[in-house]
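A closer look at the structure
These are the residues of each chain, in order.
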Amino acid sequence: MQDLNRTSIADRSTAFGLRMLTKAGGLPILQNSDTRKRVEKLLYRSTKEGFRSATVATKTFNRVTTNGSGPARAKTAKPKVQFDLTPTDDQQMIQEAARELASVVLRPAAEKADHERKVSDEVKAQAAELGLVLIGVPDELGGIAEERSAVTAVLAIEALAHGDMGQAAALMAPAAVATAISQYGDAGQQKTFLPAFTEAEEAPSAALALHEPQPLFDPLAPRTTGKLSGDTITLDGVKALVADADNAALFIVGALIDGEARLVIVEAGTDGLFVEPDAAMGVRATNAGRLIMKGVSVPKENLLGTAEDHLDAVRRARLAWAAAAVGAGQAALDQLIPYVKERQAFGEPIAYRQAVAFTISDIAIELEGLRLAVLRAASRLDRGLDASKQISHARQLAVTHGAQIGSHAVQLLGGHGYVKEYPNERWYRDLRGAGVLEGTLLV
Amino acid sequence: MIDLEVPKKFIPLIKQARTVAEEVMWPIARKYDLAEHAYPTELDLLSGVIDGLDDSGTGTGAGATGASQTTEPAGHLGDGKKAPEATGGVRNGTNMSSALSIMETCRGDVGLTLSLPRQGLGNAAIAAVATPEQKKRYDAKWASMAITEPEAGSDAAAIRTTAIKDGDEYVLNGEKIYVTAGERCDLVVVWASLDLSLGRAAIKSFVVERSNPGLTLERLEHKLGIRASDTAAFRLSDCRVPASDLLGDPEIRTETGFGGAMQTFDNTRPMVAAMAVGLTRACLDLTTKLLKAEGVVADPDRPAHVQSAAAARLLQMEADYEAAYLLTLRAAWMADNAKPNSVEASMAKAKAGRTCVSVAFQCVELCGATGYSERELLEKWARDGKILDIFEGTQQIQLLVIARRLLDLSSSQLR
């Protein structure tokens, strides 16, 4: 079964690239030459080299000092006045591309990625073609973002998670770091750390490490501490469920510094930095690990952004996970609908029973509610409005209803839902995670 | 472009409706809860304001009249003018503005909103299916809706009221119950069957003058809540109505079946959802205020589990409110843009209905004696809210509608 999968992924991967081009080329929106240029950039990025993750400490970041030039930021989208649920042409294009990647590449590889706790090189290569890692990095810094858009990011994450939440999270984890550096970083930090993502042949594995192991964890009150003294920050603490911790070249960690939760850039290979495996219930393709910091010293210049930026990152990470829950929830609903109509019991399809049919309705209602809450929060971010409450709503809906959808997805299949014959048990595990995890993703 | 904020042009309307809710409705809400069946005369003064809103150029009403079928393609405004380029061919019209103003007035009081003259659900039915000539004839009349019968509630296809053609008239016979604003209205929209043997396809709606001698008011119900709104029971005995008062298509078309009559619901369900959203907002606003006085404030940025149990409850209730609110606006937005919205209307109704009952009950619980006592409106809202998960299709009916559509099953397969 797994051998079969492997061949088919390789085959499909080639097919996918071609289909993408054909499909995208046929879209009427590509008549516009500006859009076409962006699409081309998106499609042809880094196809010459296969994607390989950098190994710990082999990646070096040469510090760049800037003489007073300010950091570049992606522009935020312009406010419009209409209530509208129609994505822009650009967003539809990115959505299409992400959906194609999800269905053709991620879904078939999901079981194996979950089992082996890694994303295969073939899948990484296909994902790299789309350049999604640079979705939050502005043009001038070598990224693909014309306008910074949380809406675009949630649409992309939702589409990817429809294929597989685990691989989606793994693939988008470096994007969170690239986005954080371009959004919160000063010019020096941007010039030091971004080229590895935008220019290098091997884009590095990287992780936004906010979570910690203790129960009742609150990212605004991390136990990890950073002591400022002279030109260095000394970090002590443990970060939990850090994406690809043993391969990542770069971490952004949350730490309490002078009583405030802040973001600090930490390069792999720094003295006092240790990694332990931290496999979890779900979202396993991220190859999560614990990052243990014992007297880790980094230069003061590695302090990223302000306390407000840390809070912004916490919020945007939660919104990203809620978007992932929408994708996985929709995947479950899409599978359940034909299943309950085919599955017979007591001489008729189980869908004919209200107990089953009403569960389908409940899934659909709560899923749509979650989706709209995510979109509203994202659109407020894009407008530059305060979105703290809306993000809290999206998070809370993912915590309760998102997880409930995962539970329903197993329950409606009964015993079949509990065995690995179907993806439902994986959706159950992944959907629990979407309302629990902090950090890792960013919109 | 995806944006889920209230459009600026509706802000004045919302503010006006909010003022009505807080300045007019809150002060008299308890009075008419206690004085069931008494006519809230204060609302007569209000109807001037409401009509003013109607004519204010936003083209919106404070009640259900705004719910109307948009048949023109998106990109064209109601008056035939092309939509400005900036809107991207999307319109925010009367369904949305009605939903928004209903949310505000029901944050004031659901019973009083249902008693607003000329804003009945019958008006919504007329707006949805009447011909232009009929619309003109019924203009500025208050219309109620008579569907339910003693033996036919959710199963509207089982109604026994008959309408027999006799020359230029139809002769109606039967019994109707649960007619909201039935005593006070000018017109009653009655569902009746042209031929009982032909099932749901033969069901048509008729506009009956309240003064028609064949229409007798039997009684007014005593209810759990929404007591400011009268709920009437009627008998139709050889009640003769002109043939021109049949709404929509007079032919029995078995192939389209129930569609004609049922399409009213696509427009009215988002409005009832809006009522539930408004009532939920009222409960949450008051509870948030009362809990704040006790030192409980929910922090949206901290995980719920590190906050007090009451604060965590507020966070969860606000989240469910948000889902109900957005589902409602989406259903209205689709109606404004001529997108088929049956499923979305039912989703909004189902989510808003259960959220308002659950939130109202929890708010009573959190506020304890103050919540349960008649000194505050929380206990009343908890009673009022229950109807919103029942009328215009119960929670269970909404789940049926949604499931049948998603699963593509007929009513004989999924019963």
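Residues numbered from 1 in each chain as written. Chains lettered and ligands numbered in written order. Predicted model: local features only at pLDDT ≥ 70, side-chain atom pairs only at ≥ 80, totals over all residues.

1. So, the overall build of chain A
Within chain A, the regular secondary structure consists of 13 helices and twelve strands. Counting every position in chain A, which comprises 443 residues, the buried fraction comes to 56%. Restricting the contact set of chain A to residue pairs at least 6 apart, pairs at least 24 apart contribute 79%. (Helix = DSSP H or I, 4+ residues; strand = E, 2+ residues; numbered from the N terminus. Buried ≥ 20, exposed ≤ 12 C-beta atoms within 10 Å, placed from the backbone. Contact = placed C-beta atoms within 7 Å.)

2. A word on the overall build of chain B
Check the secondary structure of chain B and you find eleven helices and eight strands. For chain B, with 415 residues in total, the buried portion stands at 52%. The contacts of chain B with a sequence gap of at least 6 include a subset with a gap of at least 24, amounting to 75%.

3. Section: the interface of chain B and chain A
Contact with chain B, which involves 42 residues of that partner, is made by 41 residues of chain A. Secondary structure elements with two or more residues in the side of chain B that touches chain A: helix H8 (309-336), helix H9 (342-372) and helix H11 (395-407) of chain B. Of all the elements, H8(B) adds the most residues to the side of chain B that touches chain A, at eleven residues.

4. Description of the pairing of strand E4 (residues 187-193) of chain B
Residue and element names in this part refer to chain B. The element E4 is extensively covered by neighbouring structure, given that seven of its seven residues are classed as buried. Side chains Leu187, Val189, Trp191 and Ser193 project from E4 onto one buried face, and the interleaved Val188, Val190 and Ala192 project onto a second face that is buried too. Pairing of strand E1 (residues 143-146) with E4, which is carried by four bridges, proceeds in the parallel orientation. Within the sheet, the bridge partner assigned to Ala143 lies in E4 and is Leu187. (Pairing = 2+ DSSP bridges.)

5. Some thoughts on helix H3 (residues 89-116) of chain A
At A:Ala110, H3(A) shows its largest kink, close to 55°. Positive backbone phi, approximately 55°, marks A:Arg117, located one or two places after H3(A). (Bend = angle between axes of the 7 residues up to and from the residue.)

6. Re the packing of H9(B) against H11(B)
Residues and elements named next belong to chain B. Following both chains from N to C, one finds H9 and H11 inclined at 145°, their axes separated by 9 Å at the closest point. H11 is crossed by H9, and the crossing has left-handed handedness. Along its contact with H9, which presents Ser342, Val343, Ser346, Met347, Lys349, Ala350, Gly353 and Arg354, the element H11 presents Gln395, Gln398, Leu399, Val401, Ile402 and Arg405. Tallied by class, the residues present in the contact of H9 with H11 amount to six nonpolar, five polar and three charged. (Axes fitted to C-alpha atoms, helices over the stretch in contact; angles between N-to-C directions. Left-handed = near helix turned anticlockwise from the far one by under 90°. Nonpolar A, V, L, I, M, F, W, Y, C, P; charged D, E, K, R; others polar.)

7. Things to note about the nonpolar core
Core analysis: the largest hydrophobic core is formed by 265 residues, its most contacted members being A:Val154, A:Ile157, A:Leu160, A:Leu319, A:Ala324 and A:Val374. Apart from residues no more than four positions distant in its own chain, A:Val374 is found in contact with A:Val154, A:Leu319, A:Ala322, A:Ala323, A:Val326 and A:Ala394. (Core = buried A, V, L, I, M, F, W, Y, C linked by C-beta atoms within 7 Å.)

8. Structural notes on the packing of helix H11 (residues 388-411) of chain A against H8(B)
Relative orientation of the contacting elements H11(A) and H8(B) amounts to 95°, with a least axis distance of 8 Å. By the angle between their axes, H11(A) is roughly perpendicular relative to H8(B). Packed against H11(A), whose contacting residues are A:Gln390, A:Ser392, A:His393, A:Gln396, A:Leu397 and A:Thr400, the element H8(B) presents B:Leu315, B:Gln316, B:Glu318, B:Ala319, B:Glu322 and B:Ala323 at the interface. (Parallel < 35°, antiparallel > 145°, perpendicular 65-115°, else oblique.)

9. Remarks on unusual backbone geometry
Positive phi values are uncommon outside glycine, yet A:Asp258 reaches one of about 50°. Counting through the fold element by element, A:Asp258 comes out in the loop between strand E6 (250-257) and strand E7 (260-267).

10. Some thoughts on the environment of A:Val419
Examined against the element boundaries, A:Val419 turns out to sit in the loop between helix H12 (415-418) and helix H13 (424-434). For A:Val419 and A:Val238, which are 181 residues apart along the polypeptide, the C-alpha to C-alpha distance reads 34 Å.

11. Side note on helix H9 (residues 307-342) of chain A
Across its 36 residues, H9(A) extends 53 Å between first and last C-alpha, which sits within 8% of the 52 Å expected from 1.5 Å per residue. The largest bend along H9(A) measures about 25° and falls at A:Leu336, with the proline A:Pro338 one to four residues further on. (Expected span 1.5 Å × (residues − 1).)

12. Remarks on the pairing of strand E7 (residues 231-242) of chain B
All names here are of chain B. The pairing of strand E3 (residues 169-180) with E7 spans nine bridges and is classified as antiparallel. Across the sheet, the residue bridging to Leu172 is Cys239, located in E7. One ladder, built from five bridges, connects strand E6 (residues 215-220) with E7; its direction is antiparallel. From the neighbouring strand, Leu215 faces E7, where its bridge partner is Leu236.

13. Side note on the confidence of the model for chain A
Residue and element names in this part refer to chain A. For chain A, mean pLDDT is 88; residues scoring 70 or higher make up 83% of the total. Counting interchain partners and residues more than four positions distant, the pLDDT-below-50 stretch residues 1-26 has 35 contacts. Ignoring residues within four places in sequence, the model shows residues 43-56, a span with pLDDT below 50, making 31 contacts including any to other chains. (pLDDT = per-residue confidence, 0-100.)

14. Re the confidence of the model for chain B
Interpretation of the predicted coordinates at a detailed level should be avoided for regions scoring low in pLDDT. Residue and element names in this part refer to chain B. For chain B, the average pLDDT comes to 89, and 88% of its residues sit at 70 or higher. Confidence drops under a pLDDT of 50 for residues 56-64, and excluding neighbours within four residues, the segment shows 38 contacts in the predicted structure. Here residues 70-87 is modelled with pLDDT under 50, and outside its nearest four sequence neighbours on either side it reaches 24 contacts, counting other chains as well.

15. Here's the deal with the environment of B:Leu114
Residues and elements named next belong to chain B. With respect to the helices, strands and loops of the structure, Leu114 is situated in helix H4 (residues 110-114). Leu114 gets classed as buried once you count the C-beta atoms within 10 Å, which come to 26. For the pair Leu114 and Ala38, spaced 76 residues apart in the sequence, the C-alpha separation amounts to 14 Å. Sequence-distant contacts of Leu114, that is, excluding residues within four places in its chain, are made with Thr180, Ala181, Ile226 and Ser229.

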